Amino acid sequence: FMAKRITPLLVLRATFLPAPSVVHVVPIRGSIEENLDHSDIIQFAVPRGKFEQCTRFLSASLCRKRDGTAIDLGAGYLPRSRFYLGREVFCLPHTCNVWAGRALRRAGIPIFLPTAAAAQSLTIQATHYGTRTAMRRKPVDAF
């Protein structure tokens, strides 16, 4: 969500009314845990070929200009983060968590997509295949 404040009405509209998607990109300098203290962080061992499949999937998720650059929509929630126009439509069942689950599947993590729509379900599934290195301390998108 690019909104300054996430409200229940906004979540309902975004869930049930198809809309263009955005991708929130957060550059990391230093420790991931220090940079993303609002997140659950799970580390995976990913073979090079699967990593390349995942990065191609992520890159293909962005709408691009004729010169190949991603379409920048403005500042994100965190320092130096940006929103970029996505190629997909956002609504149930095409949520950000399902998109993340699809990316993890490209990396070789067997996420069951029908139950990945909720962040908690996706996180529980992912912890079976990786190592949790940090737990959420303060949500960035709380109501």
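Use the structure listed above.
Below or above, wherever it landed, is the structure these notes cover. In every chain, residue numbers begin from 1 and rise along the written sequence. Only residues with pLDDT of 70 or above have their local features reported here, since the model is predicted, and side-chain atom pairs are shown and tallied only from 80 upward, although totals for entire chains, interfaces and linings are computed over all residues. Note: side-chain values were computed over all heavy atoms of the structure, leaving out hydrogens and water.

1. Concerning the side chain of Ser 21
Let me state the cut-off plainly: Put simply, DSSP H or I for four residues or longer makes a helix, DSSP E for two residues or longer makes a strand, and each gets a number counted from the N terminus. Think of it in three bands: residues with accessible area under 20% of the maximum for their type are buried, residues over 50% are exposed, and the middle band is partly exposed, with areas taken using a 1.4 Å probe on protein chains only. Contacts are assigned to residue pairs that have any heavy atoms within 4.5 Å of one another.
Relative to the assigned elements, Ser 21 resides in strand E1 (residues 19–25). For Ser 21, a relative accessible area of 12% corresponds to the buried category. Here Ser 21 is in contact with Tyr 84, Leu 85, Gly 86, Arg 87, Glu 88 and Phe 90, once residues within four sequence places are set aside.

2. Quick look at the pairing of strand E4 (residues 82–90)
Put simply, the test is: Being paired, for any two strands, means DSSP has found at least two bridges between them.
By the bridge criterion, 6 bridges tie E1 to E4 in an arrangement that is antiparallel. Paired with His 24 across the strands is Phe 83, a residue of E4. With 3 bridges connecting them, strand E3 (residues 72–75) and E4 associate as antiparallel partners. Its bridge partner being in E4, Asp 72 is matched across the sheet by Tyr 84. Between E3 and E4, which pair antiparallel one after the other, the connecting turn spans 6 residues, and Arg 80 there sits at a positive phi close to 70°.

3. Description of the sheet that holds E1
How we decide: Only the stretch in contact is used when a helix axis is fitted, and all axes are lines through C-alpha atoms; the angle between N-to-C directions ranges over 0 to 180 degrees.
In spatial order, the strands read E1-E4-E3; together these 3 strands make up an open sheet with antiparallel pairing. Edge positions in the sheet fall to E1 and E3, since each of these pairs with one other strand and no more. Within the sheet, the average angular offset between the axes of one strand and its neighbour, ignoring direction, is 45°.

4. Focus on helix H5 (residues 119–127)
To keep things clear, this is the line we draw: What the arc covers is the set of directions going from the helix axis to the C-beta atoms.
Of all the positions in H5, only Leu 122, Thr 123, Gln 125 and Ala 126 are classed as buried. Relative to the axis of H5, the buried residues are bounded by an arc of 165° and lie together on one face. Each element contacted by the buried residues of H5 is listed here: strand E2 (41–43), helix H4 (96–106) and strand E5 (131–134).

5. Here we look at the environment of Ala 103
As for its placement among the helices and strands, Ala 103 is situated in helix H4. Not counting residues within four places of it along the chain, the set of residues in contact with Ala 103 comprises Cys 54, Phe 57 and Leu 58.

6. Quick look at the packing of helix H3 (residues 48–60) against H4
To keep it simple, the criterion reads: We call two directions roughly parallel when the angle between them is under 35 degrees, roughly antiparallel when it is over 145, roughly perpendicular when it lies between 65 and 115, and oblique otherwise. When residue character is reported, Ala, Val, Leu, Ile, Met, Phe, Trp, Tyr, Cys and Pro are called nonpolar, Asp, Glu, Lys and Arg charged, and the others, Gly included, polar.
Where H3 meets H4, the closest approach of the two axes is 7 Å, and the angle between their N-to-C directions is 150°. On the basis of the axis angle, H3 is roughly antiparallel to H4. Residues Lys 50, Gln 53, Cys 54, Phe 57 and Leu 58 of H3 touch H4, and the partners they reach there are Trp 99, Arg 102, Ala 103 and Arg 106. Classifying every residue of the contact of H3 with H4 gives 5 nonpolar, 1 polar and 3 charged.

7. Quick notes on the packing of aromatic side chains
Quick note on the threshold: When the centres of two rings from Phe, Tyr and Trp lie within 6.5 Å, Trp using its six-membered ring, the rings pair. Their planes under 30 degrees apart give stacked, over 60 give edge-to-face, and anything left gives tilted.
Overall, the coordinates contain 2 aromatic pairs when judged by the stated rule. Between Tyr 77 and Phe 83, the aromatic rings sit 5.5 Å apart at their centres with planes inclined by 85°, giving edge-to-face as the arrangement.

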